[in-house]
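# Examination of the molecular architecture
So you can see what is in the structure, the chains are spelled out below.
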Amino acid sequence: MTQALTTESRNSGNIRQAVSEACGRIAPTWPLDRAIAVNPFWEMRDLPFARVAARLEATAQAKCLMPASYYQSLWGKQIQPQHLTAAADELGFSGDVAALERSLEEVPEGAHWFNVCDWLDARRDREHKMAWRDEVIHQVSQFCAAYFQYQERMSLGAEQDLYSAWLATIRQDRGVEILMGEGGMHRAFLDLPEDMAEVFAAAHELVAGNDSALTAWSHALLLEINGWASWMAYTAWMDAFNEQDNDNREQLLAIMLAWELVLWRHMKETDSAGFAQLESDFSRQLESAGTLEAFYESARRPLWVWHRAAEIAYQAQLCSDLKHPPEAPATPCKLQAAFCIDVRSEPMRRALEAQDDSIQTLGFAGFFGLPIEYQAPGSSMTRPQMPGLLKPTVKAVQAGDDNRMAAGHNTSARWLQANEAEPATFGFVEALGLLKAGSLIKRSLFPSDPEHAVNRHCGSGHWDLIQDGAPMSAADKAGMAKSVLGAMGLVRDFAPTIILFGHGSATTNNPFAAALDCGACNGQTGEVNVKVLADILNDEAVRAELAALGTEIPSTTRFYAGLHNTTTDELVNYGEAPPGEVQAWLRGATDAAQRKRAAAFAMDDTAGASAEYRRRSRDWGQLRPEWGLANNAAFVVAPRSRTRHLDLAGRSFLHDYRWQDDEGFGVLELIMTAPMVVTNWINMQYYASVTDNLKYGSGNKMLHNVVGGNIGVFEGNGGDLRIGLPMQSLHDGSDWRHQPLRLNVFIQAPKEAIAEVASNHEVVRQLIDNDWLYLFQLDDEGEQVSRFYGGEWLPSPAQ
């Protein structure tokens with residue numbers, strides 16, 4: 001099956017392209033301290049979701065659908081016959097309801113791609129010998145952890161790239177052949193190429209020069225170690241911001257292919273009969289590889305009908321609810337409160353509005369449109385306070401910070417990291433021994449409220465904003481503020497009191513704490529953003545410049561900064577306190593939201609909800625301090641009057657938007673290319689973490705060990721780096737708390753404007769036409785809901 005490769009073919013761009021295509025299919029994952037939700041299928045959005053699901057199942061046995069028993073449990077409850085029929089018609093399924101019911105009883109299974117290690121494991125004495133697949137993943141994963149955690153101090157030298165460092169390490173390690181009982185195997189590592197390009201060329205030779213086979217094989221190997229591949233995709237993502245090259249994924253792939261070559265060659269030298277069978281099986285697999293994806297795409301069609309029926313059931317109800325909204329109250333507005341579009345804000349907004357008809361809430365991205373990075377007092381380090389999709393352009397520094405605290409901060413930096421890094425502290429505690437015991441006992445018996453270590457020095461005074469190395473002028477700030485206010489829809493009728501609420505969580509001993517904070521703030525709280533924006537908007541010089549730009553804020557209007565604590569459902573105010581009446585409304589909203597949410601944590605005494613939430617936030621052993629964004633399903637872009645009367649059960653992202661104020665539809669374009677993409681990322685991370693927690697989730701929280709302080713977690717002491725959400729964030733021990741539905745986007749704007757944005761942006765068009773989300777238009781009259789798909793407007797499921 002093999003053929004010799006010429007020098008020309010070894011240097012061929014075809015090999016590089018095949019490798020690049022495989023590496024390009026891996027989406028990034030952010031580190032723990034900047035955790036944001038990511039669509040793990042993002043880099044395959046150019047294909048229909050069902051086809052991607054078939055490819056992943058054929059390649060790595062990954063699941064993008066729930067098991068048949070799950071859909072059976074919804075039948076007759078959530079899914080009704082009309083939903084099933086509508087789904088079958090939409091997907092072109094020719095069978096009737098009875099046929100679909102039968103399909104849940106017999107779900108066909110097929111073959112899947114085998115890597116070389118899999119073929120060897122199929123013939124290995126697994127009762128007495130360790131699996132090659134497990135050994136390869138463990139060895140590579142442990143090496144990657146050491147490389148990225150201790151790169152600067154490795155004896156191999158920080159100048160070595162990943163593949164070269166691995167090769168040097170594995171050549172010094174004879175433990176593999178001893179552990180696996182394979183004498184003489186070490187020689188195969190000594191014979192590996194020094195250059196990763198030669199590894200790719202040798203792998204290309206094994207697949208008989210078939211570029212597409214090399215891509216499929218490479219993708220399968222990266223999916224075997226998807227956690228580390230995703231981490232390296234993140235490093236490439238960040239380097240791209242600085243226009244720097246990054247080939248970490250290619251280096252990792254070279255390591256995985258090198259392992260395959262070692263196993264192939266060792267088998268050839270030690271077991272001629274076994275090698276002949278391996279060569280024959282591998283050759284037949286190459287010939288039939290194209291049929292695997294087609295098999296799963298066809299075999300899973302009935303399950304896709306059931307899945308689509310569940311989505312139609314939800315869509316039909318929400319479409320009906322969004323029709324015929326009541327008239328907005330005409331009461332003069334005393335308080336305007338802006339919240340993040342996060343689904344956890346929706347119940348709190350409802351609770352606050354219920355306090356008085358003169359209260360108006362607004363929904364906007366949690367970074368409040370500020371392209372900033374935050375530099376803490378006394379530190380040279382910065383952190384982004386905006387979505388990971390974007391690069392900060394402005395540095396926010398508290399006014400008066402003259403670095404007087406620099407020495408203290410720098411000296412204590414590592415102490416703070418170790419002291420606040422949750423399970424990463426176990427080695428630190430062991431090293432300190434009894435010196436740390438008193439602190440642990442105190443925190444266990446007398447716990448205090450959790451506090452974000454980086455924010456504890458973030459005061460409520462004035463801020464300096466630096467752009468391109470120079471302070472921003474009042475005119476510069478006004479230009480930025482005008483864009484923010486316009487995107488918020490806050491351009492007229494300013495209330496005397498306006499509170500900007502960021503949001504953040506409060507948990508203890510939780511490596512996933514940042515994942516509960518604001519994804520729009522790069523896994524941070526929105527504290528810095530609201531303080532900076534309130535400071536800008538209260539600045540008289542900025543207001544004068546704003547007035548010249550056509551946005552006049554009354555002198556009687558005051559902006560305040562606040563935070564919605566999503567763990568305790570408390571509304572916190574920073575600095576100057578708002579009027580007494582407003583404070584009473586905030587307390588009333590907190591109490592109402594806490595009582596409403598008590599059922600989610602099986603609390604019998606709703607009167608004691610506040611104390612219980614605080615206790616949970618302080619509890620070191622609490623696995624479910626809150627439910628995060630679980631059960632998210634919709635993104636509504638419309639005036640608040642469209643949804644104010646509805647209880648959306650904390651399942652909807654809400655972005656206020658009035659298209660009549662959006663001349664040229666620039667804000668609409670921004671919403672559809674930024675928040676809509678971010679909500680897709682959140683939605684698909686939860687989706688994939690449920691359908692396949694082994695591949696796209698992070699397993700059991702109780703078994704997590706933090707890697708490198710912030711890189712990620714192992715489940716146990718090894719295996720691949722885990723990504724996505726732990727089971728405790730998705731399941732309550734009895735039932736799923738998240739139903740995996742694709743995001744439903746509802747926009748109240750003219751059809752022509754929506755269609756034009758979609759046609760002008762390939763990413764948006766891919767998300768819509770390849771079934772990664774559903775896009776609906778709400779008409780102004782509240783009479784009709786239409787779906788945009790394939791460049792056409794179609795009736796919604798509720799029509």
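Being a predicted model, the structure only gives us computed values, none of them experimental. (Residues numbered from 1 in each chain as written. Predicted model: local features only at pLDDT ≥ 70, side-chain atom pairs only at ≥ 80, totals over all residues. Heavy atoms only, no water.)

Next up on the list: the overall build of the protein chain. The helix and strand inventory of the protein chain stands at 31 helices and 18 strands. Expressed as a percentage of its 799 residues, the buried residues of the protein chain come to 55%. A separation threshold of at least 6 residues defines the contact pool for the protein chain, and within that pool the share at least 24 residues apart is 74%. Counting only carbon and sulfur atoms, one obtains 50% of the accessible surface of the protein chain, whose full area is about 32800 Å². (Helix = DSSP H or I, 4+ residues; strand = E, 2+ residues; numbered from the N terminus. Buried < 20%, exposed > 50% of the residue type's maximum accessible area, 1.4 Å probe, protein only. Contact = heavy atoms within 4.5 Å. Areas by Shrake-Rupley, 256 points an atom, 1.4 Å probe, with all protein chains shown as cover.)

Below, the discussion takes up the pattern of salt bridges. Across all of its chains, the model carries 37 salt bridges by this definition. In this structure, glutamate 626 engages arginine 344 in a salt bridge whose closest nitrogen and oxygen atoms are separated by 2.7 Å. A residue pair is termed long-range when its members are at least 10 positions apart, and glutamate 626 in the loop between α26 (609–618) and β11 (634–637) and arginine 344 in the loop between β1 (335–340) and α18 (345–353) qualify at 282 residues. With relative accessibility at 3%, the residue glutamate 626 sits in the buried group. Linking lysine 596 and aspartate 647 is a salt bridge whose minimum nitrogen-to-oxygen distance equals 3.4 Å. Residue lysine 596 is located in helix α25 (residues 580–597), and its partner aspartate 647 is located in the loop between β11 and β12 (652–655); the two are separated by 51 residues in the primary sequence. In the salt-bridge network here, residues are joined through shared partners; they are Glu90, Arg308, Glu311, Arg742 and Arg787. (Salt bridge = Lys/Arg side-chain N within 4 Å of Asp/Glu carboxyl O.)

On to the sheet that holds β12, then. With mixed pairing, the 6 strands of this open sheet are ordered in space as β12-β11-β15-β16-β17-β18. Each edge of the sheet is formed by a strand with only one pairing partner; in this case those strands are β12 and β18 (792–795). Across the sheet, the mean angle separating the axes of adjacent strands is 25° when strand polarity is ignored. Pairing analysis gives 4 bridges linking strand β16 (residues 773–778) to strand β17 (residues 785–789), with the strands arranged antiparallel. The residue of β17 that forms the bridge with leucine 778 is valine 785. (Pairing = 2+ DSSP bridges. Axes fitted to C-alpha atoms, helices over the stretch in contact; angles between N-to-C directions.)

Within the secondary structure, arginine 616 is located in helix α26. For the buried arginine 616, no salt bridge exists, and the shortest N-O distance to an oppositely charged side chain is 4.1 Å, to glutamate 612. Setting aside residues up to four positions removed in sequence, arginine 616 forms contacts with Phe601, Met603, Gln622, Arg624 and Pro625. (Lys, Arg positive; Asp, Glu negative; His and termini not counted.)

For strand β15 (residues 743–747), a buried count of 5 out of 5 residues is recorded, marking the element as mostly surrounded by other parts of the structure. Here β15 shows no split at all, with Leu743, Val745 and Ile747 on one side and Asn744 and Phe746 on the other all buried. Looking at chain direction, β15 and β16 are connected through 5 bridges and run parallel. Opposite asparagine 744, over in β16, you have tyrosine 774 as the bridge partner.

Another aspect to go through is the nonpolar core. Side chains of a nonpolar character, in soluble globular proteins, are inclined to be buried together. Counting 180 residues, the largest nonpolar core has Tyr163, Trp166, Trp217, Trp228, Leu252 and Trp259 as its most contacted members. The element best represented in this core is helix α15 (residues 248–270), accounting for 13 residues. When near neighbours in sequence (up to four residues on either side) are disregarded, tryptophan 166 contacts Gln139, Phe143, Phe189, Leu192, Ile255, Ala258 and Trp259. Counting residues in each nonpolar core, the second largest holds 40 residues, with Ile372, Trp463, Ala561 and Leu563 among its members. (Core = buried A, V, L, I, M, F, W, Y, C linked by side-chain atoms within 4.5 Å.)

Moving on, we come to unusual backbone geometry. Of all residues except glycine, most have a negative phi; of all peptide bonds, most are trans. Although it is not a glycine, phenylalanine 368 adopts a positive phi angle of roughly 55°. Note that phenylalanine 368 resides in the loop between β2 (359–364) and β3 (372–375). A positive phi angle is found at phenylalanine 665, which is not glycine, with a value near 60°. Position of phenylalanine 665 relative to the elements: it lies in the loop between β12 and α27 (666–673).

Within the open sheet, the 5 strands sit side by side as β4-β3-β5-β6-β7. Their pairing is mixed. Single-partner strands in this sheet number two, and they are β4 (382–384) and β7 (470–471). When β3 meets β4, the two strands line up antiparallel, connected through 3 bridges. Bridge pairing links glutamate 373 to proline 384 in β4. Contacts from helix α23 (residues 527–538) reach β3, β4, β5 (394–398) and β6 (463–467), with the element oriented near 95° to β6.

As a further point, take α23. When the terminal C-alpha atoms of α23 are compared, their 17 Å separation across 12 residues agrees well with the 16 Å that a helix rising 1.5 Å per residue should span. Among the 12 residues of α23, 12 are classified as buried, and the element is accordingly described as predominantly covered. For α23, the full list of buried residues reads Glu527, Val528, Asn529, Val530, Lys531, Val532, Leu533, Ala534, Asp535, Ile536, Leu537 and Asn538. (Expected span 1.5 Å × (residues − 1).)

The subject of this paragraph is a negative patch on the surface. Together, Asp96, Glu101, Glu105 and Glu106 make up a region of like negative charge exposed at the surface. Its location among the elements puts glutamate 105 in the loop between α6 (97–103) and α7 (116–122). (Patch = residues over 30% accessible without salt bridge, like charges linked within 9 Å, V, L, I, M, F, W, Y side chains within 5 Å. Charge placed at Lys NZ, Arg CZ, Asp CG, Glu CD.)

Applying the stated rule across the entire model yields 37 aromatic pairs. Here the aromatic rings of phenylalanine 635 and phenylalanine 653 are separated by 6.5 Å at their centres, their planes lie at 90°, and the arrangement is edge-to-face. One end of the pair, phenylalanine 635, is in strand β11; the other, phenylalanine 653, is in strand β12, with 18 residues separating them in the sequence. Across the pair, exposure class does not vary: phenylalanine 635 and phenylalanine 653 are buried alike. One aromatic cluster is present, built from ring pairs that chain together Trp30, Trp42, Phe143, Tyr147, Phe148, Trp228, Trp231, Tyr234, Trp237 and Trp681. The ring of tryptophan 42 carries arginine 45 above its face, with NZ or CZ at 4.3 Å from the centroid. (Phe/Tyr/Trp six-rings, centres within 6.5 Å; stacked < 30°, edge-to-face > 60°. Lys NZ or Arg CZ within 6 Å of the ring centre and 35° of its normal.)

Next up on the list: the side chain of lysine 701. On the secondary structure map, lysine 701 appears in the loop between α29 (693–696) and β13 (704–707). It turns out lysine 701 is buried and unbridged, and the closest side chain with the opposite charge, glutamate 626, is 9.7 Å from it. Within the structure, the side chain of lysine 701 is placed 3.0 Å from the backbone oxygen of leucine 623, a separation counted as a polar contact. (Polar contact = N/O pair within 3.5 Å; in protein donor to acceptor, adjacent residues only side chain to side chain.)

Packing of helix α12 (residues 196–206) against α15 leaves a shortest axis separation of 9 Å and a crossing angle of 50°. The angle between α12 and α15 places the two elements in the oblique class. α12 and α15 meet at a crossing whose hand is left-handed. Counted together, Met196, Val199, Phe200, Ala202, Ala203 and Leu206 of α12 and Glu250, Gln251, Leu253, Ala254, Leu257, Ala258, Leu261, Trp264 and Arg265 of α15 form the full contact between these two elements. Looking at side-chain class alone, the contact of α12 with α15 contains 12 nonpolar, 1 polar and 2 charged residues. (Parallel < 35°, antiparallel > 145°, perpendicular 65-115°, else oblique. Left-handed = near helix turned anticlockwise from the far one by under 90°. Nonpolar A, V, L, I, M, F, W, Y, C, P; charged D, E, K, R; others polar.)

Tracing the backbone through its elements, the reader meets alanine 592 in helix α25. Taking relative accessible area as the criterion, alanine 592 reaches 31% and is therefore assigned partly exposed.

On β11, burial covers both faces: Ala634 and Val636 on one face and Phe635 and Val637 on the other are all buried. As judged from the 4 bridges shared by β11 and β12, these two strands associate in the parallel manner. Bridging from a neighbouring strand, alanine 634 pairs with serine 652 of β12. As judged from the 4 bridges shared by β11 and β15, these two strands associate in the parallel manner. Looking across to β15, one finds that valine 637 is bridged to isoleucine 747.

Next up on the list: the confidence of the model for the protein chain. This prediction gives the protein chain a mean pLDDT of 89; 90% of its residues lie at or above 70. Across residues 1–11, where pLDDT falls below 50, the model places 24 contacts with residues more than four positions away in sequence or in other chains. (pLDDT = per-residue confidence, 0-100.)

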